[in-house]
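# Topology and contacts: notes
The chain contents come next:
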Amino acid sequence: MSPKLQPVRGTHDILPEEARKRRFIEAALAGVCERYNYGEIATPVFEFSDVFHRTLGDTSDVVTKETYTFTDRGGESLTLRPEFTAGVVRAFISNGLQDKLPFKVYYHGPAFRYERPQKGRLRQFHQFGAELVGEADPLADAEMIAMSAHALSALGLLDHVKLELNSLGDAESRQAYRGALVAYFKDRQAQLSEDSKQRLERNPLRILDSKDEGDRRLIIDAPQAQDYFTPDASAFFDIVQEGLEALNIKFEINPRIVRGLDYYSHTVFEFTTDKLGAQGTVLAGGRYDGLVKLMGGPDVPGVGFAAGIERLLALMEVVNADGMRVSPPKVIAVIPIDAAQEMEALKLADALRHQNFTVELITRGNMGKKMKKADKLGATAVLLLGEDEVKAGEVTLRWLATGEQQRLPVQSVVQALMQQDGL
Ligand code: ATP
Ligand code: MG
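Throughout what follows, the structure given in this document is the object of discussion. If you're wondering where the values come from, they're calculated on a predicted model, not measured in any experiment.

## With respect to the sheet that holds strand β3 (residues 69–71)
- Overall, antiparallel pairing links the three strands, which are arranged β2-β4-β3 in an open sheet. Each end of this open sheet is capped by a strand with a single partner; those strands are β2 (46–48) and β3. Within this sheet the neighbouring strands show an average axis-to-axis angle of 35°, counted without direction.
- Alignment of β3 against strand β4 (residues 77–80), held across three bridges, turns out to be antiparallel. Within the sheet, the bridge partner assigned to threonine 69 lies in β4 and is threonine 79.

## Structural notes on the pattern of salt bridges
- Tallying each qualifying case throughout the model produces 14 salt bridges.
- For glutamate 115, the salt bridge goes to arginine 121, with nearest N and O atoms at 3.0 Å.
- For glutamate 115, a relative accessible area of 12% gives the class buried.

## A word on the pairing of strand β11 (residues 302–308)
- When you tally the buried positions in β11, you get seven out of seven residues, the bulk of the element.
- Taking every second residue as pointing to the same face, both faces of β11 are buried, with Gly302, Gly304, Ala306 and Gly308 on one and Val303, Phe305 and Ala307 on the other.
- Taken together, the seven bridges between strand β6 (residues 124–133) and β11 define a ladder with antiparallel strand orientation. Bridged to glycine 129 within β11 is alanine 306.
- When strand β10 (residues 281–287) meets β11, the two strands line up antiparallel, connected through five bridges. What sits directly across from alanine 284, in β11, is alanine 306.

## Here we look at the sheet that holds strand β8 (residues 252–253)
- Strand order in the open sheet formed by eight strands is β1-β5-β6-β11-β10-β9-β7-β8, with mixed pairing between adjacent strands. Every other strand in the sheet has two partners, leaving β1 (39–40) and β8 as the edge strands with one partner each.
- Pairing of strand β7 (residues 162–167) with strand β9 (residues 265–272) involves six bridges; the strand directions are antiparallel. Bridged to leucine 163 within β9 is phenylalanine 271.
- Packing against the sheet, helix α1 (residues 16–35) makes contact with β5 (103–112) and β6, and its axis sits at approximately 5° to β6.

Cut-off values and rules
- Residues numbered from 1 in each chain as written.
- Chains lettered and ligands numbered in written order.
- Predicted model: local features only at pLDDT ≥ 70, side-chain atom pairs only at ≥ 80, totals over all residues.
- Heavy atoms only, no water.
- Pairing = 2+ DSSP bridges.
- Helix = DSSP H or I, 4+ residues; strand = E, 2+ residues; numbered from the N terminus.
- Axes fitted to C-alpha atoms, helices over the stretch in contact; angles between N-to-C directions.
- Salt bridge = Lys/Arg side-chain N within 4 Å of Asp/Glu carboxyl O.
- Buried < 20%, exposed > 50% of the residue type's maximum accessible area, 1.4 Å probe, protein only.
- Contact = heavy atoms within 4.5 Å.

This is the structure we're talking about:
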């Protein structure tokens, strides 16, 4: 096959069986968010590049190395979204929604990052997430984490993940912490990876998120954010933890969690698994109090989460013994015995679809072939139309599992089919 006919590296086609599983995941997660009174939002797949460059920070890996940015025919610099939060906040501001706080939305769709493709790391991947804008209460963080846990539980995954929690403190704490980190890593600069040497200048916190082995060894003894918290930052984090305890949500404090993007403050969290190899974070989120203002909106706080749908799906395949099974709809086959009954069969198939049955009309080949096809489709029942049946205004209904069959008036077909379990 010509290489041009392959999908681009890091992208893949979603065929019907997988699409059905994804739809199940999205519907389950949307259902959970609706319980917390969130509504769905859909923002464009691309935005002016500034939306991401200003907000994700020119220092973050996502912006410096991972965005798909291009100039369109009108000369505008546009970027395919690498994540949703910036676009959702842009939408909040553009639609003038500051008088309608809190703004509570969930979303799902594709995101794009120019990363090195590997297991669990794609260039076009999909996220499901939620954002809450306009709520400064630490209990909102606890509720956001609870909603995330609830979402994972709806997929049967909560027992297979671990909640790791950290706080970056407020702006003042972060500033003091930054100083301590710079001092620590400056003393060990020679041992840092090239990337982290750069980070040291621009955003030392992000060294903690480095995936480099050597960096990771240095990180073990690096100063911890908590030691630089203001009393307010400590109190905030205490309430988040109390909230989780009240809800019986187990967590571990992991001072190394800083998140990949620059705009977080206070609470950050990740739900991780050791069942997916190196790419073990299935869902992550946190508080971003400065982001809306940074983007030119009012000074309102925010908190949110995002999950990678491919990773959720992969984990569901791993933890369910026979893989994840979402049953396709049960199919009814309509078969005209001869060409003369085709129009009647066409009409019957269509009428049944309007009654919400999934119907396959089979007209090709002799009777043997037609029945074989019905079998191959996994049809539960076949409706046969021969000359006699059409004349009498009847059909022959045959259940494929038992071979049992009966003739009945066309108008009784729906009722007869409905008596069968699962149809
Ligand atoms: P990682 O540390 O794995 O690079 P991240 O910090 O860049 O993740 P976020 O920006 O927080 O990830 O995105 C939220 C979630 O989206 C991740 O936890 C993960 O499940 C998923 N995700 C992120 N990047 C990719 C990717 N390239 N391919 C597949 N899923 C991804
Ligand atoms: Mg990343």
